[in-house]
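Examination of the molecular architecture
Single-letter residue listing:
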Amino acid sequence: MVIPSIYYHNVVPAATNHDTSNITTSSTVENCEGDFLSCSSSLSSSKERKRDDELKSQLLTKEEDAAAAVEPRPKGRESVIRRVGTNNDNTNAELDDTMEGRRPPRTTKDNQNAATGGADARITSIMANASSTAVNTLLSSSFDSCRNITWNEITIQLIHEQDIIISKKKNDNDTLDKKHGIKKMDIGGASGSSNTTSNNSSSSARTSATAIMKKDDAGLLLRKDVFQAQTDAIMAQVKPYFQLMESESPHNRTILILPKALHIYSKHVQQHDEDHENDITMATQMGVGKYTRFLVLVQRWNGPVSVAVMIHSLEDLEQFHTFVSLNLATLKNVLFHYYIEYAPELATAYPQNILRNLALKYMETEFFIVNDVDIFPSPIDSHDTMKVKVLTQHPEIRSKLRNDTFFVIPMFDLDVMIQEDELTYDHVHFPNSKQDAIRMIQNGMLHQHLGKSHPRGHGAVNYTKWLKNNNFTRSSAPQEEDEVSYPIQYDFFFEPYVLGSRSIRHNNGTVPSYFEMYRGFGFDKFSWYSELEFAGFKLEVLQNFFMFHAKHEVSYGDKGSDRHKHFKTNQACSRIFLEGILDKYGEAQKKKSMWNEWLSFCRIKRW
């Protein structure tokens, strides 16, 4: 039995005094299903004011306890690591690095003691009795002061035997041939004879075609073998934890993170050459159940995908594995990461920013597009088109990406509700080119994303300029507006989807992480773009690419009360987000107009 290395990673924050008395929260909104601006009205009923006072009182009590318990420290955070057991040091170092960009912790002495006490003893026991599958494990703890939860975060890095086998790109076809008894042959026909008859040539061609089909079948069989081995290892490792997770209190939760948990005979495993590293990955996230939309996204993109999957239960995990087993060929270029959290009290507070960071951190290419699972790219085969027409044909774009620029991909809403069982990647109502988009806009079938309810969310794109570019139909010389991209200015609330590079030189070579305390409705995306602006990044818009949103049911539970609850909690969390901005980028950020917009929007009267 291989007992994994276990890290007790207790993250201690700087001492801060959060004056939560300056945080006021917005009133209840009867119908809060549009943009979250409508959730922030300035008036409150007496009942709502009472509820707000109670929330502020609770937050103040938590912050006072934290301030009293934590000794003064310099700004930033200090990590204390205690290692138990032995394993691969390189892998352990990589796992320790996974804590970069995790949620800003607020840890008290009591929380530290709890994190390294009884909970750790149970976890250690589970580890010691786990499967013999080679793993490396990182255990960390942090305190979420917004929700009064101590998170015990266990990162499990599975080392699949198949990873080593499949990563040997050389002689890969020979391995397939040998495994499944397929003999090599000359595709051109019988060799060694210039007098081969047409019948023999035809027979050879048919035999060759049969051999190719057999090789395809062999590849699928190998994927099934790999899939079974990987899922067996996953289930063996995570099963023992579910009883522990289900027995915990709402204020002390264990979560499991499995990066690169599942990858079935994919490019991610097979290729580590320069071309692959310079490729583009679609980084996205999903909950169990959004299977059809995910398949549509994968097929329209048709390139590497890194997806973080939210799992609530063992049943969720089994259901997800069934879905993957039925779609192995379609999912061959997908790298799956698992985030397993049992917290019924947060059932509608979807942790999209945690999942986004997970997908971005463990992708295996330099370039990426941040996307949501129900946002589809155009044209079809967007990956191949973008790689050639943007990165290859325009080296200046590649240079800007590696310097200080993110490239915005315009977003539209499709004014058609398509049922899940009718969704296909080439659905008749989907725009498959910019020409389609322009025609559908003229016919009223396509609109700026949230153009009526939340115009500032995407208005900075300058859709008028984007629509002027029509060079795919123009036979005359290219015009100014036919350039591959154009620069834009950031606007508060801007939350587009972008093409970026993680090899960026600006900001000390660091791409900011999404703020992980934001869960559910509100603040999750636009806070990231605010940080890009605080950090001094630039934005440009790609001319001949776009995305569109296919309508679906509301994702955050009840259309009114749950969304409003998440919005208020996230609004209260924003003070911690803004503290992080000052820690990273300096007090000078207070002089920017965007800083005052943040204070106003979050109802922070005094900083």
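Residues numbered from 1 in each chain as written. Predicted model: local features only at pLDDT ≥ 70, side-chain atom pairs only at ≥ 80, totals over all residues. Heavy atoms only, no water.

1. Regarding the environment of N152
Put simply, the test is: Think of it this way: any DSSP run of H or I at least four residues long counts as a helix, any run of E at least two long counts as a strand, and we number them from the N terminus.
Take N152: it is sitting in strand 4 (residues 149-158). For N152 and S142, which are ten residues apart along the polypeptide, the C-alpha to C-alpha distance reads 6.9 Å.

2. Overview of the sheet that holds strand 13 (residues 446-448)
What counts is decided by this rule: For two strands to be treated as a pair, DSSP must find at least two bridges joining them. Only the contacting stretch of a helix is used when fitting its axis, a line to C-alpha atoms as for every element, and angles between N-to-C directions run 0 to 180 degrees. Residue contacts follow a heavy-atom distance rule, with two residues in contact if any of their heavy atoms lie within 4.5 Å.
If you walk across this open sheet you meet the four strands as 10-17-12-13, and the pairing is mixed. Only two strands of the sheet have a single neighbouring strand rather than two, namely strand 10 (375-378) and strand 13. Across the sheet, the axes of successive neighbouring strands diverge by a mean angle of 35°, strand direction being ignored. Two strands pair when backbone bridges link them, and strand 12 (residues 411-414) and strand 17 (residues 546-549) are joined in this way by three bridges, in the parallel orientation. Across the sheet, the residue bridging to D413 is H549, located in strand 17. The strands touched by helix 10 (residues 291-301) are strand 10 and strand 17; relative to strand 10, the strand with the most contacts, the crossing angle is about 20°. Contacting strand 12, strand 13 and strand 17, helix 15 (residues 434-442) runs over the sheet at an angle of about 90° to strand 13.

3. Quick look at the environment of D316
Structurally, D316 is set in helix 11 (residues 314-325). Between the C-alpha atoms of D316 and G287, which are 29 residues apart in sequence, the distance is 9.4 Å.

4. A look at the pattern of salt bridges
Put simply, the rule reads: Salt bridge criterion: a side-chain nitrogen from Lys or Arg within 4 Å of a carboxyl oxygen from Asp or Glu. The rule is simple: take the accessible area with a 1.4 Å probe, protein chains only, and divide by the maximum for that residue type; under 20% is buried, over 50% is exposed, in between is partly exposed.
Across all of its chains, the model carries 18 salt bridges by this definition. Of the charged contacts in the structure, one is a salt bridge between K387 and D279, with a shortest N-O distance of 3.6 Å. In this pair, K387 sits in helix 13 (residues 382-392) while D279 sits in the loop between helix 9 (274-277) and strand 6 (280-287), placing the two residues 108 residues apart along the sequence. By relative accessible area, which is 17% here, K387 ends up buried.

5. Digging into the environment of P259
By secondary structure assignment, the location of P259 is in strand 5 (residues 252-262). The class for P259 is buried, based on a relative accessible area of 1%. When the C-alpha atoms of P259 and V307 are compared, they prove to be 9.9 Å apart, with 48 residues separating the residues in sequence. In this structure, P259 is in contact with T155, I156, Q157, H337 and Y362, ignoring residues within four places of it in sequence.

6. Quick word on the packing of aromatic side chains
Just so we agree on the cut-off: Pairing of aromatic rings covers Phe, Tyr and the six-membered ring of Trp, with a centre-to-centre limit of 6.5 Å; geometry is then stacked below 30 degrees between planes, edge-to-face above 60, and tilted otherwise.
One pass over the structure, following the stated rule, counts 38 aromatic pairs. Consider the rings of F492 and F526, whose centres lie 5.3 Å apart with planes at 85°: the pair is edge-to-face. Of this pair, F492 sits in the loop between strand 14 (485-488) and strand 15 (497-501) while F526 is found in helix 18 (residues 526-534), placing the two residues 34 residues apart along the sequence. For the residue pair F492 and F526, the accessibility class agrees, reading buried in each case. Seen from their ring centres, F493 and F601 are 5.0 Å apart, and the 75° between their planes marks the pair as edge-to-face. In this pair, F493 sits in the loop between strand 14 and strand 15 while F601 sits in helix 20 (residues 593-601), placing the two residues 108 residues apart along the sequence. Taking the relative accessible area as the measure of exposure, F493 reaches 6% and is therefore buried. Through a chain of ring-to-ring contacts, three or more aromatic side chains come together here, namely F492, F493, F515, Y518, F523, F526, F567, F577, W598 and F601.

These figures come from the coordinates and say nothing about function on their own.
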